[in-house]
Amino acid sequence: MTLVSFVVPAFRVQGYLRECLDSILAQPVADIEVIGVDDCSPDGSGDILAEYADRDERVTAVRLDHNVGLGPARNVGLDRAVGEYVWFVDGDDWLVPGCLAEVAARLRATRPDVLVVDHVRAHWDDTVTRSAMVEVFPEPPGPVTFRLAERPETLELLHTAWNRLVRRQFLADAELRFAPGWYEDVSFSYPVLLAADRVSVLDVVCVNYRQRRAGAITRTRGERHFEVFEQWHRVFRELDRLGARELRPAIFDRMVWHYLTVLGNGDRIAPELRPTFFARVAIEHARFRPPAGHRVPDGLDGLKHRLVATGSWRTFSAMRAAGRAGEAARRVAGRARRRLIPPARRGARLTRDVVLRQYQRTQRRRPVEENLAVYAAYWYRGYACNPAAVYETARRLAPQVRGVWIVRRDRVHTLPEGVEYVVAGTAAYHRVLARARWFVNNVNFPDSVRKRPGTVHVQTHHGTPVKVMGLDQQSYPLGAAGMDFGGLLRRVDRWDFSVTSNSFSTQMWERAYPAGYTTLEVGYPRNDRLVTATAEEVLRLRGEFGAGLGELVVLYAPTHREHLPRYRPPFEPERFLDGIGPSGLLLMRSHYFHDRGRRVPPPAARRRLLDVSAHPRVEDLYLAADVLVTDYSSAMFDYAVLDRPIVIYAPDWDAYRLTRGVYFDVTAEAPGPVARTFAELLDVFRSGELRSTAAEQARERFRERFCALEDGRAAERVARRIFLGEMAS
């Protein structure tokens, strides 16, 4: 018999769902099942569940045709479960590796109705806080079971569905299910404890409870937080139905604590709604107060209870305001102390940069120029990538918009003729940053840029991610040395739009850069050229690189190793050319972070070996090449648009994924053959594996997953949305 049925509801959790499912399926217990319920999610959550169900028989994917909410979605999964126990795990949380072995051992040893497990809060800034279990149970109960009346302090553990496993037959016998609405955990978790004859507590951290920066209900203001009252009404109805009157004081205390927690959270109850919410709490206090009295907490919490009992909103509000003022004063004092210790080297403040930044601030007081758009790419390295494609399309579709590029002084010569520009760091540069309405970049603009009302910031990115990015880099410090994650998030908060090329990118950016932007999942504008290029254009480009008819052109484009700045993959160009034969041409392109200088090849290899690192448009190289050899670079996703052979050469894969971190296994889900050594790479070309049926099938799967949106109109979709306000059809 299946021991544990995991029920995983999914709604707007595409950025986290894979981590959740992987954490369950990797547990060292075989007799499990996973029922994923797509609650008509508008993102890619349902597709992710279907993908896992296709490749793992333990997973069942259920797709609902309309959104029902978290509680009813859990009921759908419960109705399909066959396990002895059910564990409701939210799609944005994840399990601790190996925890299920201890959970299974406890279940088999004690056969409880309910097993409560420990958790930690995993915050978006990579900090972790413990739960209250150690305070509630200073001495762990151990492998015993008890009724709630024997250990009423169990009520003080967090009232969620995901920190407890429940015997499925017990739920059926007790007729317990989830109610609709917000705070649905309340009317399930407390009645479950009230009805259980055998409760057990396992003091082992099993769940990472994700504290999201954006998108969580607990960080969403609105009137729906008033639904908490009806959920507590259900708890008291269940209490009466089950005849557990002796526990009424403890349930009442927990109810008041919860109401005050919700009221005190500024992310939930807007200021104008707090008096009304407080009045409802006072009514609830009078309605459910036990006739025989209840325990009033000590200190400040006790004062809050008494103010609620008397309905004293003004005093309650004044006390809360005084507390906030005191906290603000402490923060100001802390900043003042820090200012008393100046940096060792402060230097003269009235430098040219300071004057220009002041000029930018002055310019920000002037009106936004309604038809001015600023473009940049790769930290002002020139005219390139998605911003260039959007710029070209905008000139055609929205000619009223004046586009201005920002470039470094040493890159001005690379701009196409007729492109208006300003040089980074000049007065003109600071003026356009202050006055523009639109900002289009594939990286972030500097911190000095302020988001003005009415302006639109478009983040196009510059690749589908293989390596972890953004906040996810906090778990891989070697690749994130010197990163200011707080500053990163302030820059991300400026984004209005995030352009992605596929559902996978959307999912990863959502978790790496959590904020309130709108995703434009439309394909990559820079790839339009790969779709629309003619055979004549391809022949012309090949001719520019000296490639004759019938000559095999291979592009080698490895990625950067931030954690190993001096590392170069073991690649021997002359041996490679010998391996592919006399009709081969090798184009080598380093990552844009790398030093562009290379040693001069021997005379015999010079005609067949070109360093194209400085070539301004990588799309030219893709179009000219017959084969791409890369490692963990996003080049593989762009090149796959052309449906030409791709070889993954990953000599340091094990070290790279452990130290730098990756979002998926490129060796298992590659777009073609995989070589782990240079000898294997040569064999791929010599053996014919490059164009084998297996290689073509792998590329087809890869293209279906990552290139489905690349139809040559991505730039048009972006330009119409941001400049003309047209929604995608």
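Our structure's up above, just so we're on the same page.
All residue numbers here refer to positions counted from 1 along the written sequence of the relevant chain. Residue-level local features of this predicted model are given only where pLDDT is at least 70; pairs of side-chain atoms are given and counted only at 80 or more, and the full residue set underlies all totals for whole chains, interfaces and linings. Side-chain measures here rest on the full set of heavy atoms in the structure, leaving out hydrogens and waters.

Chemist: Quick question: what am I supposed to make of the overall build of the protein chain here?
Modeler: Numbering of helices and strands runs from the N terminus, with a helix taken as a DSSP run of H or I at least four residues long and a strand as a DSSP run of E at least two residues long. Scanning the protein chain from terminus to terminus reveals 27 helices and 22 strands. The atom set for the radius of gyration is the C-alpha atoms, and the globule formula is 2.2 Å times the number of residues raised to the power 0.38. Relative to the 2.2 N^0.38 estimate, which gives 27 Å for 729 residues, the radius of gyration of the protein chain is 30 Å and therefore close to what a compact globule would have. Residue pairs in contact within the protein chain that sit at least 24 positions apart in sequence constitute 74% of those at least 6 positions apart. When the accessible area of the protein chain is evaluated, it comes to approximately 32300 Å², of which 51% is carbon and sulfur surface. Neither His nor the chain ends is counted toward charge; the positive residues are Lys and Arg and the negative residues Asp and Glu. In this description, the location of a charge corresponds to atom NZ of lysine, CZ of arginine, CG of aspartate or CD of glutamate. Positive and negative side-chain charges of the protein chain, numbering 105 and 92 respectively, have mean locations separated by a distance of 9 Å. We call two residues in contact whenever any of their non-hydrogen atoms come within 4.5 Å of each other. Per-residue accessibility takes into account occlusion by the displayed protein chains alone, with areas from the Shrake-Rupley method and a 1.4 Å probe.

Chemist: What exactly am I supposed to notice about the nonpolar core here?
Modeler: One broad trend across soluble globular proteins is that nonpolar side chains are buried collectively. Formed by 65 residues in total, the largest nonpolar core has its most connected members in F170, W232, I251 and F277. Element by element, the count of residues in this core is highest for helix α9 (residues 248–263), at eight residues. Put simply, a nonpolar core is a bunch of buried Ala, Val, Leu, Ile, Met, Phe, Trp, Tyr and Cys residues held in one set by side-chain atoms that sit within 4.5 Å of each other. The classification of residues rests on relative accessible area computed with a 1.4 Å probe and restricted to protein chains. Under 20% of the type maximum is buried, over 50% is exposed, and intermediate values are partly exposed. Grouped together as the second largest cluster of nonpolar side chains are 56 residues, L488, L555, L628 and A635 included.

Chemist: Would you take a moment to explain the sheet that holds strand β22 (residues 674–675) for this structure?
Modeler: Backbone-to-backbone hydrogen bonds pair the strands of a sheet. The strands run either parallel or antiparallel. Pairing between strands is defined by DSSP: at least two bridges between them are needed. The strand order across the open sheet formed by six strands is β19-β18-β17-β20-β21-β22, and the pairing between neighbours is parallel. Two strands close off the open sheet at either side, each with one partner strand: β19 (609–611) and β22. The convention used is that axes are lines fitted to C-alpha atoms, helices contributing only their stretch in contact, and that angles between N-to-C directions extend from 0 to 180 degrees. Helix-sheet contacts for helix α20 (residues 573–580) involve β17 (552–557), β18 (584–588) and β19, and the interaxial angle to β18 is about 150°.

Chemist: What is the right way to read the packing of helix α10 (residues 274–288) against helix α11 (residues 299–310) from this model?
Modeler: Working note: a packed helix pair is described by the angle between its axes plus the distance between those axes. Put simply, α10 and α11 touch, their axes get as near as 8 Å, and they point 85° apart. Judged by the angle between their axes, α10 and α11 are roughly perpendicular. Packed against α10, whose contacting residues are F278, V281, A282 and H285, the element α11 presents H305, L307, V308 and A309 at the interface. For the contact of α10 with α11, the per-class residue count stands at six nonpolar, two polar and no charged. Roughly parallel means an angle under 35 degrees; roughly antiparallel means over 145; roughly perpendicular covers 65 to 115; every other angle is labelled oblique. Amino acid classes used here: Ala, Val, Leu, Ile, Met, Phe, Trp, Tyr, Cys and Pro are nonpolar; Asp, Glu, Lys and Arg are charged; the rest, including Gly, are polar.

Chemist: How should I be thinking about a positive patch on the surface in this particular structure?
Modeler: The patches described consist of residues with a relative accessible area above 30% and no salt bridge, like charges being joined within 9 Å and nonpolar side chains (Val, Leu, Ile, Met, Phe, Trp, Tyr) within 5 Å. For this analysis, a salt bridge means a side-chain nitrogen from Lys or Arg found within 4 Å of a carboxyl oxygen belonging to Asp or Glu. Among the surface-exposed residues, R357, R361, R365 and R450 lie close enough to one another that they form a single positively charged patch. Relative to the elements of secondary structure, R357 occurs in helix α13 (residues 352–364).

Chemist: Looking at this structure, how should I read α9?
Modeler: Spacing of three or four residues puts side chains on the same side of an α-helix, whose turn is 3.6 residues. Its 16 residues give α9 an end-to-end C-alpha distance of 22 Å, which sits within 8% of 22 Å, the value for a rise of 1.5 Å per residue. Here α9 lies mainly inside the structure; 12 of its 16 residues are buried. If you check which residues of α9 are buried, you get R248, I251, F252, D253, R254, M255, V256, H258, Y259, L260, V262 and L263. An expected span of 1.5 Å times one less than the residue number is assigned to each helix.

Chemist: Help me out: how do you make sense of the sheet that holds strand β11 (residues 402–407) in this one?
Modeler: Read across the sheet, seven strands follow the order β12-β11-β10-β13-β14-β15-β16 without closing on themselves; strand pairing throughout is parallel. The outermost strands of the open sheet, each flanked by one partner alone, are β12 (421–423) and β16 (518–521). Averaged over neighbouring strand pairs, the angle between their axes works out to 25° when direction is ignored. Where β11 lies against β12, three bridges are found, and the strand directions are parallel.

Chemist: Is there a simple way to explain the state of the cysteines in this structure?
Modeler: Two cysteines whose sulfur atoms are joined by a covalent bond form what is called a disulfide. The disulfide criterion is simple: two cysteine sulfur atoms within 2.5 Å. In this structure the tally under the stated criterion is zero disulfides. Cysteine C40 remains unbridged, with the sulfur of C20 as its closest cysteine sulfur at 20 Å. Not engaged in a disulfide, the cysteine C99 finds its nearest cysteine sulfur in C206; these two sulfurs lie 4.2 Å apart. Take C99: its relative accessible area is 2%, and that puts it in the buried class.

Chemist: Help me understand the packing of aromatic side chains in this model?
Modeler: For any pair of aromatic rings, geometry is given as the distance between the ring centres together with the angle between the planes. Classification of ring pairs uses Phe, Tyr and Trp, with its six-membered ring standing for Trp, and accepts pairs whose centres are within 6.5 Å; under 30 degrees between planes counts as stacked, over 60 as edge-to-face, and the remaining range as tilted. By the definition in use, this model includes 41 aromatic pairs. With a centroid separation of 5.0 Å and an interplanar angle of 70°, the aromatic rings of W438 and F723 are classed as edge-to-face. Of this pair, W438 sits in strand β13 (residues 436–441) while F723 sits in helix α27 (residues 714–724), placing them 285 residues apart in sequence. Like F723, W438 is buried. Ring geometry for F504 and F706: centres 5.5 Å apart, planes at 90°, overall edge-to-face. Placement of the pair is F504 in helix α17 (residues 503–512) and F706 in helix α26 (residues 693–706), with a sequence separation of 202 residues.

Chemist: What am I meant to see in the pairing of β11 here?
Modeler: Along any regular strand, the residues point their side chains to alternate faces of the sheet. By the criterion of burial, β11 is predominantly enclosed, with five of the six residues buried. Pairing geometry for strand β10 (residues 369–376) and β11, over four bridges, is parallel. Counted as the bridge partner of L372 is R402 from β11. In this fold, the crossover linking β10 to β11 by way of helix α14 (residues 385–397) has right-handed handedness. If the strands point away from the viewer and the path from the first strand over the helix to the second runs clockwise, then the crossover is right-handed.

Chemist: Is there a simple way to think about helix α19 (residues 535–544) in this case?
Modeler: Restricting attention to buried positions, one finds in α19 the residues E537, V538, L541 and R542. Axial view of α19: buried residues confined to an arc of 135°, hence all on one face. Along α19, the residues that are exposed and aim more than 90 degrees away from the buried face are A535, E536 and L539. Where α19 is buried, its residues contact α18 (528–532), β17 and α22 (618–624). After α19 finishes, the residue G546 shows a positive phi value of roughly 80°. As used here, the arc is the angular range of directions from the helix axis to the C-beta atoms.

Chemist: Mind showing me how you'd approach the packing of α20 against helix α25 (residues 678–687) here?
Modeler: Following both chains from N to C, one finds α20 and α25 inclined at 25°, their axes separated by 9 Å at the closest point. Classed by the angle they form, the pair α20 and α25 counts as roughly parallel. Considering the relative orientation of α20 and α25, their crossing is right-handed. Only F678, L681, L682, F685 and R686 of α25 make contact with α20, whose side of the interface consists of R575, F576, G579 and I580. For the contact of α20 with α25, the per-class residue count stands at six nonpolar, one polar and two charged. Crossing handedness follows the turn of the near helix against the far one: under a right angle anticlockwise gives a left-handed crossing, and clockwise gives a right-handed one.

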